[in-house]
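Observations on chain architecture
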Amino acid sequence: MKQARRLDNAPPYLFVEIEENIKKALANGVDVINLGIGDPDMPTPDFVVQKMTEALKNPAYHSYPEYDGALEFRCAVARFYKKRFGVDLDSETEVVALLGSKEGIAHIFFALVNEGDFTLVPDPQYPVYELATALTGGVAYPMPLLKENGFFPDLSIIPKEVIKRTKILFVNYPNNPTGAVADMEQFQSIVDFALKHDIVVCNDNAYSEFTYDGIKAPSILMAKNAKNIAVEFHSFSKSYNMTGWRLGFAVGNRDAICKLKKMKNNIDSGVFTAIQIAGVEALESGDKSVENMQKIYARRRNIAITELKKLGFEFVVPKGAFYFWVKVPDGFTSKSFTAMLLDKTGVAVAPGNGYGQYGEGYIRISLTISDIRLKEAFERIEKLGL
Ligand code: MLT
């Protein structure tokens, strides 16, 4: 069967490939330690599960959900934004519920990008920004995130002819995979650039609650005039260990949100209302549980810093998210090092080249594993004697 041409532009999704390799290793009896995907190892907090159990029994939630999200959910999101970021949102026009942030991130490209248009995407990047651009027939123009620039894009080097044809500029802070966190000055510079050139700016803020050393991640919507041009994406996956539930939301510029809703309404039928009600509970009562998780990731981060230093790896200590972006030793590529690690140690990591051309020469290590298994992974790597 011939696939549609647009699929020719789409490589297999990075984590599908990684999962395949892990499955093969498991089938061969390998005790795999998975430091690949950022899928929290801890369960969804009890109070959220409890709320879901109650909500499941409510027949009012069994029919089609509201397309844009339940009003209760949208209002809870608006309250969360006010409390956490000091940003006012209109729950009617500036909030939409998503089937996980990945869905909304992909759909906003379909809502705004025509064939031949450019998008500006970070490189390295969460692969969906470039993939979704490719599926729309657009052209993703990479903005290198270099260590010497603090993994922040240099907007001054983007050619004028690219800017003129650009529809979306995507950023992601706290950053996956580099762990960089943008400050307000940096967000303001992005918003000013976007306003000047009439480009919709999107920030993927899935890791907003995971920062270290006293840093608190801002929202791009805190920048002056941001709501005239910016949209922000959030996920329940990481903050509340809800990856499997598929719940997220997009907020911000009402025009962009309206177009995203139009795209979505024609493709999906919204998020199961009971899940949204559980999400409301997470937003309203989740502070303690988030604090607890922050401590756990901070502890694992310390383990990784100590072990990576001991092993002589080159890396920048992450300020946010829960990943380490680590240089591979001389003589390896991202792919060959990832394959060798799985083969010789049973440790699975994500190859940096899966995050873009500037990711070549790196691997990403995820902290979504118990302290004991994390330490064991480093012990196994140490035995390689690299
Ligand atoms: C990651 O590990 O970067 C993501 O959680 C994977 C995904 O969302 O597909």
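1. Notes on the domain arrangement of the protein chain
Looking at the protein chain, the domain boundaries give domain 1 (5–44 + 288–382) and domain 2 (46–286). Summarising the inter-unit geometry, the C-alpha centres of domain 1 and domain 2 are found 24 Å apart. Counting from both sides, the interface comprises 37 residues of domain 1 and, opposite them, 42 residues of domain 2. It is Tyr-13, Thr-44 and Lys-319 in domain 1 that bury the most area against domain 2; as a group they hold 21% of the surface buried on that side. The residue Asp-213 makes a salt bridge to Arg-301 at a minimum N-O spacing of 2.9 Å. The interface formed by domain 1 and domain 2 contains 23 residue pairs in polar contact (both at pLDDT 80 or more). Listing elements by their share of the side of domain 1 that touches domain 2, those giving two or more residues are helix H1 (5–8), helix H12 (287–311) and strand E9 (323–327). With eight residues, the top contributor of residues to the side of domain 1 that touches domain 2 is H12.

2. As for the pairing of strand E6 (residues 200–204)
Across the five residues that make up E6, a large majority, five, are buried. In E6, alternate side chains face the same way, and those of Val-200, Cys-202 and Asp-204 on one face and Val-201 and Asn-203 on the other are all buried. Bridge count for strand E5 (residues 166–171) against E6 is four bridges, and the pairing is parallel. When the sheet's bridge partners are listed, Leu-169 is paired in E6 with Val-201. Handedness of the crossover joining E5 and E6 through helix H8 (residues 184–197): right-handed.

3. A short note on the sheet that holds strand E11 (residues 350–351)
Spatially, E9-E12-E11 is the arrangement adopted by the three strands of the open sheet, whose pairing is antiparallel. What marks the edges here is a single partner per strand, and that holds for E9 and E11. Note that E9 and strand E12 (residues 362–366) share five bridges and pair antiparallel. If you follow Tyr-323 over to E12, its bridge partner there is Ser-366. Across the sheet, H12 touches E9 and E12, and the angle it forms with E9 is around 15 degrees.

4. Focus on the site of the ligand
All residues adjacent to the ligand are Tyr-13, Phe-15, Ile-37, Gly-38, Tyr-126, Asn-176, Lys-238, Tyr-323 and Arg-364. At 2.8 Å from an oxygen atom of the ligand is found a side-chain nitrogen or oxygen belonging to Arg-364. Contact with the protein chains removes 86% of the 270 Å² of surface that the ligand exposes when unbound. For the shell around the ligand, the per-class residue count stands at five nonpolar, two polar and two charged. Three or more residues apiece are contributed to the shell around the ligand by two domains, here domain 1 (5–44 + 288–382) and domain 2 (46–286).

Criteria and cut-off values
- Residues numbered from 1 in each chain as written.
- Predicted model: local features only at pLDDT ≥ 70, side-chain atom pairs only at ≥ 80, totals over all residues.
- Heavy atoms only, no water.
- Domains from an automatic or database assignment.
- Contact = heavy atoms within 4.5 Å.
- Buried area = accessible area lost by both parts, 1.4 Å probe.
- Salt bridge = Lys/Arg side-chain N within 4 Å of Asp/Glu carboxyl O.
- Polar contact = N/O pair within 3.5 Å; in protein donor to acceptor, adjacent residues only side chain to side chain.
- Helix = DSSP H or I, 4+ residues; strand = E, 2+ residues; numbered from the N terminus.
- Buried < 20%, exposed > 50% of the residue type's maximum accessible area, 1.4 Å probe, protein only.
- Pairing = 2+ DSSP bridges.
- Right-handed = clockwise from strand over helix to strand, strands pointing away.
- Axes fitted to C-alpha atoms, helices over the stretch in contact; angles between N-to-C directions.
- Near = heavy atom within 4 Å.
- Areas by Shrake-Rupley, 256 points an atom, 1.4 Å probe, with all protein chains shown as cover.
- Nonpolar A, V, L, I, M, F, W, Y, C, P; charged D, E, K, R; others polar.

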